[in-house]
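Overview (structure and organization)
Next come the chains, spelled out residue by residue.
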There are 4 protein chains.
Amino acid sequence: MSEPRLIALLSGPDQPGIVAKVAGWIFARGGNILHADQHQDPEERIFFQRVEWVPASGTGTEQCREEGEAFAQFATSELGMTVRVTRSDVVPRIALFVSKIPHCFHDVLLRAQAGEFHGEIACIVSNHPTLRESAENYGIPFHHVPIGSAGTKERADSEAEQVRLCREYDVDLVVLARYMQVLSADLLNRLTVPVINIHHSFLPAFAGGRPYHQAYARGVKLIGATAHYATADLDEGPIIHQDVSRVNHRDSVSELTRRGRDLEKSVLAQALRWHLESRILVYNNKTVVFQ
Amino acid sequence: MSEPRLIALLSGPDQPGIVAKVAGWIFARGGNILHADQHQDPEERIFFQRVEWVPASGTGTEQCREEGEAFAQFATSELGMTVRVTRSDVVPRIALFVSKIPHCFHDVLLRAQAGEFHGEIACIVSNHPTLRESAENYGIPFHHVPIGSAGTKERADSEAEQVRLCREYDVDLVVLARYMQVLSADLLNRLTVPVINIHHSFLPAFAGGRPYHQAYARGVKLIGATAHYATADLDEGPIIHQDVSRVNHRDSVSELTRRGRDLEKSVLAQALRWHLESRILVYNNKTVVFQ
Amino acid sequence: MSEPRLIALLSGPDQPGIVAKVAGWIFARGGNILHADQHQDPEERIFFQRVEWVPASGTGTEQCREEGEAFAQFATSELGMTVRVTRSDVVPRIALFVSKIPHCFHDVLLRAQAGEFHGEIACIVSNHPTLRESAENYGIPFHHVPIGSAGTKERADSEAEQVRLCREYDVDLVVLARYMQVLSADLLNRLTVPVINIHHSFLPAFAGGRPYHQAYARGVKLIGATAHYATADLDEGPIIHQDVSRVNHRDSVSELTRRGRDLEKSVLAQALRWHLESRILVYNNKTVVFQ
Amino acid sequence: MSEPRLIALLSGPDQPGIVAKVAGWIFARGGNILHADQHQDPEERIFFQRVEWVPASGTGTEQCREEGEAFAQFATSELGMTVRVTRSDVVPRIALFVSKIPHCFHDVLLRAQAGEFHGEIACIVSNHPTLRESAENYGIPFHHVPIGSAGTKERADSEAEQVRLCREYDVDLVVLARYMQVLSADLLNRLTVPVINIHHSFLPAFAGGRPYHQAYARGVKLIGATAHYATADLDEGPIIHQDVSRVNHRDSVSELTRRGRDLEKSVLAQALRWHLESRILVYNNKTVVFQ
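Residues numbered from 1 in each chain as written. Chains lettered and ligands numbered in written order. Predicted model: local features only at pLDDT ≥ 70, side-chain atom pairs only at ≥ 80, totals over all residues. Heavy atoms only, no water.

1. Structural notes on the domain arrangement of chain A
Residues and elements named next belong to chain A. This is how the line gets drawn: All domain edges in this entry derive from an automatic or database-based domain assignment. Contacts are residue-level and defined by heavy atoms, with any inter-residue pair within 4.5 Å sufficient. Two parts placed together each lose some accessible area; with a 1.4 Å probe, that loss summed over both constitutes the buried area.
Domain assignment breaks chain A into domain 1 (6-87) and domain 2 (93-289). The C-alpha-based centres of domain 1 and domain 2 are spaced at 31 Å. With 14 residues of domain 1 at the interface, the matching set in domain 2 holds nine residues. Carbon and sulfur atoms supply 54% of the area buried between domain 1 and domain 2, which totals about 900 Å² over both sides. A per-residue breakdown of the area domain 1 buries against domain 2 is headed by Leu9, Phe48 and Arg50, which together make up 49% of the total.

2. Re the relation of the copies chain D and chain C
To keep things clear, this is the line we draw: When the copies are superposed, the least-squares fit takes in the C-alpha atoms of residues with a pLDDT of at least 70 in both.
Least-squares fitting of chain D to chain C yields an RMSD of 0.0 Å, with the superposition described by an axial translation of 0.0 Å and a rotation of 180°. Both chain copies can therefore be described as sitting about a two-fold axis. If distances are taken from each C-alpha of chain D to the rotation axis, the shortest is found for Ala205(D), at 2.4 Å. A share of 100% of the interface residues of chain D reappears at the interface of chain C, consistent with the copies meeting face to face through the same patch.

3. Brief notes about the pattern of salt bridges
Selection rule: Salt bridge, as used here, is a side-chain nitrogen of Lys or Arg placed within 4 Å of a carboxyl oxygen of Asp or Glu. By definition, any uninterrupted DSSP run of H or I lasting at least four residues is a helix, any uninterrupted run of E lasting at least two residues is a strand, and each is numbered from the N terminus. Relative accessibility thresholds used throughout: buried, under 20% of the residue-type maximum; exposed, over 50%; partly exposed, between the two (1.4 Å probe, protein chains only).
Here the structure, examined in full by the defined rule, presents 98 salt bridges over all chains. Two residues, Arg93(A) and Glu120(A), come together in a salt bridge whose shortest N-O distance is 3.7 Å. With Arg93(A) in strand S5 (residues 93-98) and Glu120(A) in strand S6 (residues 120-126), this pair connects stretches of sequence that are 27 residues apart. Of the residues examined, Arg93(A) reaches a relative accessible area of 24% and is grouped as partly exposed. A salt bridge links Asp262(B) to Arg111(C); the nearest nitrogen and oxygen atoms lie 3.1 Å apart.

4. What about the side chain of Asp251(C)?
Residue and element names in this part refer to chain C. Our working definition: Any pair of N or O atoms that falls within 3.5 Å is considered a polar contact. Within protein, one atom must be able to donate a hydrogen and the other to accept it, and sequence-neighbouring residues count only if both atoms are side-chain atoms.
In this structure, Asp251 sits in the loop between strand S11 (239-246) and helix H8 (253-276). Within polar-contact distance, the side chain of Asp251 engages the backbone nitrogen of Asn248 at 2.8 Å. Setting aside residues up to four positions removed in sequence, Asp251 forms contacts with Tyr216, Leu256 and Arg259.

5. So, the interface of chain D and chain C
To keep things clear, this is the line we draw: All amino acids are sorted into three groups, where Ala, Val, Leu, Ile, Met, Phe, Trp, Tyr, Cys and Pro are nonpolar, Asp, Glu, Lys and Arg are charged, and the leftover types, Gly among them, are polar.
Contacts between chain D and chain C engage 35 residues on the former and 35 residues on the latter. Considering only the surface of chain D that becomes buried against chain C, Arg218(D), Lys221(D) and His249(D) emerge as the three largest contributors, covering 23% of it. Joining chain D to chain C, the criterion identifies four salt bridges. Here Asp243(D) makes a salt bridge to Arg246(C), at a shortest N to O gap of 3.3 Å. Linking chain D with chain C are 24 residue pairs in polar contact (both at pLDDT 80 or more), by the criterion used here. At the level of secondary structure, the elements contributing two or more residues to the side of chain D that touches chain C comprise strand S2 (32-41), helix H7 (211-218), strand S11 (239-246) and strand S13 (286-289) of chain D. With seven residues, the top contributor of residues to the side of chain D that touches chain C is S11(D). Classifying every residue of the side of chain D that touches chain C gives 15 nonpolar, nine polar and 11 charged.

6. Digging into empty space enclosed by the protein
This is how the line gets drawn: Detection works on a 1 Å grid of protein atoms alone, calling trapped sets that fit a 1.4 Å probe cavities and calling open sets with protein on both sides within 12 Å along at least five of seven lines pockets, with lining residues defined by an atom within 4 Å of a point. Grid points are joined across faces, edges and corners, and a volume is the space filled by probe spheres set on the points.
Tallied over the full model, the rule gives 15 cavities of 30 Å³ or more. Reported here for the largest cavity is a volume of approximately 140 Å³. In terms of lining, the largest cavity is formed by 13 residues, of which the most central are Lys286(C), Tyr216(D), Gly219(D), Asn248(D) and His249(D). The set of elements that each furnish at least two residues to the lining of the largest cavity consists of strand S13 (286-289) of chain C together with H7 of chain D. In terms of residue class, the lining of the largest cavity is built from six nonpolar, four polar and three charged.

7. Points about the environment of Asp14(C)
All names here are of chain C. You can see Asp14 is positioned in the loop between strand S1 (6-13) and helix H1 (18-28). The class of Asp14 is partly exposed, set by a relative accessible area of 30%. If sequence neighbours within four positions are ignored, Asp14 has contacts with Gln40, Arg45, Ile46 and Phe47.

8. With respect to the sheet that holds strand S3 (residues 46-54) of chain D
What holds strands together in a sheet is hydrogen bonding between their backbones, with the strands either parallel or antiparallel. Residues and elements named next belong to chain D. The criterion, for reference: Paired strands, in this sense, are two strands between which DSSP finds at least two bridges. Between N-to-C directions, angles cover 0 to 180 degrees, with each direction set by a line fitted to C-alpha atoms, over the stretch in contact for helices.
Spatially, four strands are ordered S2-S3-S1-S4 in an open sheet, and the strand pairing comes out antiparallel. Single-partner strands in this sheet number two, and they are S2 and strand S4 (82-87). When the angles between neighbouring strand axes are averaged without regard to direction, this sheet yields 10°. Bridge analysis of strand S1 (residues 6-13) against S4 gives six bridges, and the strand direction is antiparallel.

Here you go:
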């Protein structure tokens, strides 16, 4: 499976024949569809599609890029779709934002080492120096960017530095791996790339701070974790993936926290994997995930 | 296992030696402990215990009753515990409250027929006549009690009739099997028996009405169901059991509803089974469930 | 969604352009694809597709039938595919085979009543009279066909009667809802319709008889259920769906049996739902399930 | 919770009064029971108990050791029980056996770093040098012990060296973290400590080699992992914990392997945690796990 592949994510007003036109365009140019999946929102009358194909044999990297551009042009102008095309021979670059909590940090890096992601951890950005040595053991550049209080000059400088690092490392995605700071609307805008966050509760239950304490106080019998795209509304972004784990009256807050770590790791990794494989479309603050 | 057994649920201020004193009391009178489980809330310093034992051999029904009373007396006066003692030879009686939605109704009755519950469905009370014929096929008395609007004379009459029926049938428990009416604080007080409700969401997410519509709108990736004791605060009572099911962007509200039915059935049945086996203690609006 | 829809399941040697040709054929005749999903087995080089579409508007039942035949003709002769076309306006008919155990029987019938299946329970066939009255309460014809010992004249007569009933009721599917008899290879051949069975273990573990006893003896920590197409090799047919439930050392065989009932019900219902929605293709004794 | 605690695991012929006698003995000497849980096998008439207590206040490490010995003496001679007593102030020492596969290795070590285990990784023993550098990053001694073919002098030497290392490091437990060699019956005997293995299937399904290939070939819809005590009969030892993950027809063997890694990590870690907290009793090739 070493030939370069193209993956297109389309969305737009539903109309008859889109599937046939997309497949026809690819076939007419000698491409071979490997996967195609689509979805309609029958109420909103929106069409969504993910199509993955090998362009005509003999197509090299440059031709593959051109073919992707041609497809995007076709889907936009002839089908009226919004489209994003990615290529299997281009590996997305990721900035991993962390604080002191190490479990998601190690988990993402070990999975990256094991080849689980179609992506590369380009750099680590942290508001604490805690994980510097570990980062260096993994051979990943580590940048300590202390964060001032919200509204201060220091905060503005910190955010400017975060934006600068993301540009310097040319990242396509920011992952908040238990990064314990809220990203301001302004910062989210200036990053210009998607940001995936892991929240340690089954949203919308227990949004906000200290969700395991909230869960303990309410006496729920399941705890959860939620991976979502970060938006200016904290904990309100489009949900990508969720999972839960059974707990009982014997579980203290620290036991909930321990169990929650396993959820946070697996839920974040799955969301990251799907994003990097171009499986996710966002609309109406929800996600379509083509598995 | 046909000898009558006693089950005691104790709770109260923690102090050294309770386990030894309880076990010692039972052993001294010739009883044999089958199960004993306890829990401490280390912050609140409360002790909880469930102990199940066979009194001295040859003990008949009457002696078993007396032994239970003696134990309650001992636990109260000597250990300072709140205690509830039940007997395996006394089968709890249940009033099943339903409306038009049949799935939990059938599920509870079929499980009762299959012998899954240590309990008997004594009567069915409904604000609609819809399920009368089905109830009669199961051989269970069905009472249609229409419900007037909240605050009206009709509502007061309805509630009085519901209380009267629960007394007439001498019920120990009311189960709201998708009964689509809120029980007033006054009604809950007058029933004097526990009331178990099934809510069709993973509480505290999506409390209130139309939870599957709320879940669809938020784009969650799991839907849930919650069995809890009904309290005057709607959807805020102590949670007994919860479960979830995975959904995705393809699932319409009606598909969520269909999947939710399976959750509601299994979660309600499990909560009911635990309650009827005297496995649940309530404190601080939470439950201890001795499994 | 009341317009009739066509669903085609295709499989055959993989080749470039199948997706485009299928979509092109439908589009050229004015059809609108609602769902299309495909799969390739890269080792065996087999292509699989499920495509669901609304034929040109104004198409009635008769035209829908003709359109389905035209598609089948096209897919066979021009694409070299094996194809099966079903229509949303034709409701499959099911023979439910049962013995004495009632839980899957009730579960399937209540789900059918609730409209969960694109199918109709045409008749019930049982080797015991036990469930006759319940069947009649559901309003479904019940046929008691006692089964002689394997190899006897009585057995041959029983099987002939089972085949005759399936023809008389014109069934498209046989469901073994805890039917406690093995279907001979000869009977399976003569039925000429698929047969879905529910086995009460996580196959291939604990094939054969008394799987809960086997599970108890081995001390497993999860029990399972498996829905599969019945084949002449007992418990070896293509697996459609499986699920498991956690158990522990406290669970006796009878407790495993009780928990297993819930698994058997939900796993069988899901397999049945998928089959009736034409979501399943079988190859190499495995299934492709288009969800 | 810094006072030293004692934990006793008892098993033996069931008889009335054991619970009372155990609790009475502890109470009479000023101890305070924190947890006590028991189980009876009603068919085999065996009694099992786990009891955890704080000895009389002011008890130091030495007294705690003596109290444990006194309890063991009491339980053996007066109750006829087999008993094992452990202390919270004694941290079990673990030898981690690995080969080249790193995921369970990293998972166990990171959890150990995070304080998830009541135990210390004393040394790492491997038949390959692959993980030496990683081991050193964790600060754990690494020993490369190449393994000769079964039956050879080299194999005997290797096993002797493994036994020697376990003695040198004074380990209480050996964990096979995807160690790709079978331990001979002789080696198991000479180690004299329990050995926990993780098998990458839902045993008893797919025992032996290449279980993910077996699972793929059979077309199962769930894959699993099983942690068990190693015995001379490969993959037949007492099962401690199992879990499964849903897969479908799209999942290749390498995808099953990737998903399986997550199962193997979490299942092994849970089994290890329970063992280190003295929660497991073995009998009849099964386990009682007091959670």
